[in-house]
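Fold and geometry: a report
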Amino acid sequence: MASIDTGGGDSGHKGRGVKKAKKLSTRIDMTPMVDLGFLLITFFIFTATMSTPNTMRLIMPKDEKDPEKQTEVKQSGALTILMGRNNEIYYYEGQMEADGSNFKSTTYKELREVIQKKRKDVMQLGRSLGYHKDSLDRDMVVVIKPNSDATYKNTVDVLDEMTINNIQRFALVDITDQEKQAIALTEQSGAKAQ
Amino acid sequence: MPSVKMPKKSTDTDMTPFVDVAFLILTFFILATKFKPPEPVSITTPKSVSSSKLSEKDAVMIQFDSTGKVYLSVNLTKKEDDELKKDMIKRLNDQSKLGLTEDQMNKFVINSMVGSPFSQLKGLMSRPVNEWEKVPQQGIPVDSANNELTRWMNAATQTFQGHPIDIMIKGDNNAKFPQFKGVIDALRANDIFKYKLITDPRGVPPGTELYRIRESGANNETDD
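Residues numbered from 1 in each chain as written. Chains lettered and ligands numbered in written order. Predicted model: local features only at pLDDT ≥ 70, side-chain atom pairs only at ≥ 80, totals over all residues.

**Comments concerning the overall build of chain A**
Secondary structure summary: chain A contains 4 helices and 6 strands in total. Mapped from its N terminus to its C terminus, chain A presents α and β elements in the order α-β-β-β-β-α-β-α-β-α. Partitioning the intrachain contacts of chain A with sequence separation of at least 6 by distance along the chain shows that 55% fall at a separation of at least 24. (Helix = DSSP H or I, 4+ residues; strand = E, 2+ residues; numbered from the N terminus. Contact = placed C-beta atoms within 7 Å.)

The following block contains the structure:
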């Protein structure tokens with residue numbers, strides 16, 4: 001323990017006649033140093049625990065070229081999500097209509113509601129068809145099709161929404177030309193309207 | 001009789017032991033935190049609610065940064081497995097006729113992170129290993145016309161056949177989707193369908209399905 005002590009001095013060393021040395025206290029107040037120490041500790045505690053990233057498992061379906069063997073997706077349960085540039089999202093249920101009437105756009109915040117609503121609808125349908133209560137959403141399939149100007153973050157966010165809403169079946173597939181056209185048209189009309 | 005004079009006691013506590021303890025704990029934390037390995041690319045990963053943590057197993061990591069450059073690195077936990085790294089680069093050399101020398105292949109074993117097209121690989125490897133990070137690499141091409149990552153992964157899958165290895169993908173937020181697609185296509189061409197995406201942790205939004213599931217019991221979760 002560090003400590004400097006200049007006490008009164010034991011008499012006997014100095015002879016008589018010597019002036020007594022002025023009493024100076026060299027005791028340093030350590031309180032600020034303790035504060036600093038604990039601050040640094042807190043900093044290191046927090047940075048140490050936040051450094052482990054986590055992993056998200058992704059399993060892709062096999063590339064099946066044979067159309068007969070491709071998994072059939074029930075139209076009633078299919079929800080297709082398309083991601084475009086600047087964090088824009090478009091979606092449609094079932095098959096895309098030729099005139100694009102069921103082609104809608106939304107944002108990431110509202111996407112969760114869209115997914116939840118679709119899930120509810122599918123479960124309702126499942127109930128009416130007499131499915132077992134634990135597999136009411138078994139017809140629900142989400143097809144994710146990112147456009148070439150969507151970012152990686154968009155893709156991971158949508159995949160994350162799958163986990164958050166507990167969607168069991170989803171697939172990451174290529175976008176079709178028809179869908180690309182639909183997006184391009186929507187972007188153009190959106191730009192004109194502004 | 002005068003009352004007994006109470007001996008004056010000082011109320012100032014000596015702070016020195018506090019400082020000693022504080023610095024001791026601080027030293028422990030400084031030494032206990034593992035430093036991130038220096039990487040030539042800065043990547044901000046997107047967030048996800050996934051609960052499985054990064055495992056320390058052997059892995060082949062494919063990284064791509066915001067400009068879309070793809071880097072491949074092999075991380076093996078045991079030093080004895082360095083032979084496998086040598087094996088992998090040798091296979092690649094033979095199959096793609098890269099013309100690498102023995103010395104250059106040994107360098108790959110020391111620093112297993114590369115991000116160059118085949119044409120520039122020889123140039124990169126002829127430099128000393130510690131200079132590799134400073135060299136501006138162009139990334140492994142993953143476009144559909146010339147997907148070199150397929151060859152890399154081919155060499156990797158053949159080398160690590162008996163050896164369980166994870167495939168990890170670490171991508172930057174702003175990387176465009178075609179890069180990611182190129183990586184997935186390269187993996188698909190090698191019959192790899194299961195991989196892990198590295199993300200930052202994020203709290204589960206309350207009121208959602210996942211929140212309910214996690215609250216009711218972590219046992220039933222089908223993650224890992």
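**Looking at the overall build of chain B**
When helices and strands are counted, chain B shows 7 helices and 9 strands. Taken against the 2.2 N^0.38 rule, which gives 17 Å for 224 residues, the C-alpha radius of gyration of chain B at 26 Å runs more than 25% over that of a compact globule. When burial is assessed residue by residue, chain B has 28% of its 224 residues classed as buried. Long-range pairs, those at least 24 residues apart, make up 66% of the contacts in chain B between residues at least 6 apart in sequence. (Rg over C-alpha atoms; globule rule 2.2 N^0.38 Å. Buried ≥ 20, exposed ≤ 12 C-beta atoms within 10 Å, placed from the backbone.)

**Some thoughts on the nonpolar core**
Core analysis: the biggest nonpolar cluster contains 58 residues, and Ile81 and Leu82 of chain A together with Val70, Leu149, Trp152 and Val183 of chain B have the highest contact counts within it. Once you skip the residues sitting within four places of it in the chain, Val70 of chain B turns out to touch Ile62, Phe64, Gly115, Gly139, Ile140, Val142, Leu149, Gln179 and Val183 of chain B. (Core = buried A, V, L, I, M, F, W, Y, C linked by C-beta atoms within 7 Å.)

**Focus: the pairing of strand 9 (residues 194–201) of chain B**
Direction of pairing for strand 1 (residues 54–59) of chain A relative to strand 9 of chain B: antiparallel, over a ladder of 6 bridges. Paired with Leu58 of chain A across the strands is Tyr195 of chain B, a residue of strand 9 of chain B. Where strand 1 (residues 47–48) of chain B lies against strand 9 of chain B, 2 bridges are found, and the strand directions are parallel. In the sheet register, Ser48 of chain B faces strand 9 of chain B, and the bridge partner there is Pro201 of chain B. One crossover worth recording links strand 8 (residues 166–171) of chain B to the parallel strand 9 of chain B by way of helix 6 (residues 177–189) of chain B, and it is right-handed. (Pairing = 2+ DSSP bridges. Right-handed = clockwise from strand over helix to strand, strands pointing away.)

**As for the interface of chain A and chain B**
Between chain A and chain B, the residue contacts involve 41 residues of the former and 50 residues of the latter. The biggest single contributor to the side of chain A that touches chain B is helix 1 (residues 31–49) of chain A, with 11 residues. Class assignment for the residues of the side of chain A that touches chain B results in 21 nonpolar, 13 polar and 7 charged. (Nonpolar A, V, L, I, M, F, W, Y, C, P; charged D, E, K, R; others polar.)

**Structural notes on the confidence of the model for chain A**
Residues and elements named next belong to chain A. The predicted model of chain A has a mean per-residue pLDDT of 75, with 73% of residues at 70 or higher. By mean pLDDT, the top-scoring element of chain A is strand 5 (residues 141–146) (87), and the lowest-scoring one is strand 4 (residues 104–106) (70). Under a pLDDT of 50 for its full length, residues 8–12 has, in the predicted model, 1 contact with residues more than four places off or in other chains. (pLDDT = per-residue confidence, 0-100.)

**A look at the packing of helix 2 (residues 82–96) of chain B against helix 3 (residues 102–110) of chain B**
Helix-helix packing is characterised by the crossing angle of the two axes and by the distance between the axes. Residue and element names in this part refer to chain B. Packing of helix 2 against helix 3 brings their axes to within 9 Å, and their N-to-C directions diverge by 135 degrees. Judged on the interaxial angle alone, helix 3 and helix 2 are oblique. For the element pair helix 2 and helix 3, the recorded crossing hand is right-handed. Of helix 3, the residues touching helix 2 (which contributes Asp82, Lys85, Lys86, Ile89, Lys90 and Asn93) are Met105, Phe108 and Val109. Of the residues contributing to the contact of helix 2 with helix 3, the split by class is 4 nonpolar, 1 polar and 4 charged. (Axes fitted to C-alpha atoms, helices over the stretch in contact; angles between N-to-C directions. Parallel < 35°, antiparallel > 145°, perpendicular 65-115°, else oblique. Left-handed = near helix turned anticlockwise from the far one by under 90°.)

**Notes on the environment of Asn174 of chain B**
Among the structural elements, Asn174 of chain B can be located in the loop between strand 8 and helix 6. Judged by the 15 C-beta atoms lying within 10 Å of it, Asn174 of chain B falls in the partly exposed class. For the pair formed by Asn174 of chain B and Glu131 of chain B, sequence separation is 43 residues and the distance between their alpha carbons is 27 Å. Beyond its immediate chain neighbours, meaning those up to four positions away, Asn174 of chain B contacts Thr151 and Lys153 of chain A together with Ser66 of chain B.

**Let's talk about unusual backbone geometry**
All names here are of chain A. Of note in the backbone geometry, Asn86 takes a positive phi value of approximately 50 degrees without being a glycine. Mapping Asn86 onto the fold places it in the loop between strand 2 (78–83) and strand 3 (89–93). By the C-beta count within 10 Å, which is 9 here, Asn86 ends up exposed. One non-glycine residue, Asn87, lies in the positive phi region at around 60 degrees. Along the polypeptide, Asn87 turns up in the loop between strand 2 and strand 3.

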